[in-house]
Amino acid sequence: MKYVLDSSALFSMQDLPNGVLYTVPGVILELKKYKDPRLEYWDEFIEVIEPTKEFTETVEKAAKNSGDDLRLSPVDKTVLALALETESSILTDDYSIQNVAKILKIPYQGIGMKEIKEVITWTYRCTGCRKEWPENYPDCPICGSPLKSIRSRKR
């Protein structure tokens, strides 16, 4: 089995799963930032790869279509792209990663939390006039108030 590990998985796990393990450079930087001591033991078992542009663009497009583009960090997007490119399963507790993985038909598994069951799409509602928008703007084009992401009512 092949797995791509995101930060939430590595922070949650006590032991690494059996199989071929991948992650992206950004995940390693996050572990180093928080001084996770397990990294020095796990380093030789995890292959660190940057996904290619083609797969990153596929993830960007899927995330934009679902409204998860603002919920996913650049590191999250590279985790998804690497899983798509290596045909691996993602180990993550991040629901936005799981949502885009489900859309792209990338297998995923939660570590400490239950997985999502259905795809969620997001729209943006103005906090002032309450108008809904299909994409995010710096502020509401009608009244200038901030927008907040909400679950789309369309199925």
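Caption draft 1: Quick look at the nonpolar core. L5, L10, L16, L80 and I90 are the most contacted members of the largest nonpolar core, which totals 35 residues. The element best represented in this core is helix α5 (residues 74-86), accounting for six residues. Here L80 is in contact with V59, L72, I90, I97, V100, A101 and I106, once residues within four sequence places are set aside.

Caption draft 2: Structural view of unusual backbone geometry. Phi angles above zero are rare outside glycine, and K35 is one such case at about 55°. Mapped onto the secondary structure, K35 falls in the loop between α2 (25-33) and α3 (39-42). For K35, a relative accessible area of 68% translates into the label exposed. Positive phi values are uncommon outside glycine, yet R130 reaches one of about 70°. Note that R130 resides in the loop between β6 (122-126) and β7 (132-133). Assessed through its relative accessible area of 52%, R130 is described here as exposed.

Caption draft 3: Structural detail: the sheet that holds β6. Here three strands make up an open sheet; going across it, the order is β7-β6-β8 and the pairing antiparallel. Both outer strands of the open sheet, β7 and β8 (147-151), are each paired with one neighbouring strand and no more.

Caption draft 4: Region of interest: the environment of Q98. On the secondary structure map, Q98 appears in helix α6 (residues 95-103). Not counting residues up to four positions away in its chain, the partners in contact with Q98 are T92, D93, Y108, G110, K114, E115 and I116.

Cut-offs used in this document
- Residues numbered from 1 in each chain as written.
- Predicted model: local features only at pLDDT ≥ 70, side-chain atom pairs only at ≥ 80, totals over all residues.
- Heavy atoms only, no water.
- Core = buried A, V, L, I, M, F, W, Y, C linked by side-chain atoms within 4.5 Å.
- Buried < 20%, exposed > 50% of the residue type's maximum accessible area, 1.4 Å probe, protein only.
- Helix = DSSP H or I, 4+ residues; strand = E, 2+ residues; numbered from the N terminus.
- Contact = heavy atoms within 4.5 Å.
- Pairing = 2+ DSSP bridges.

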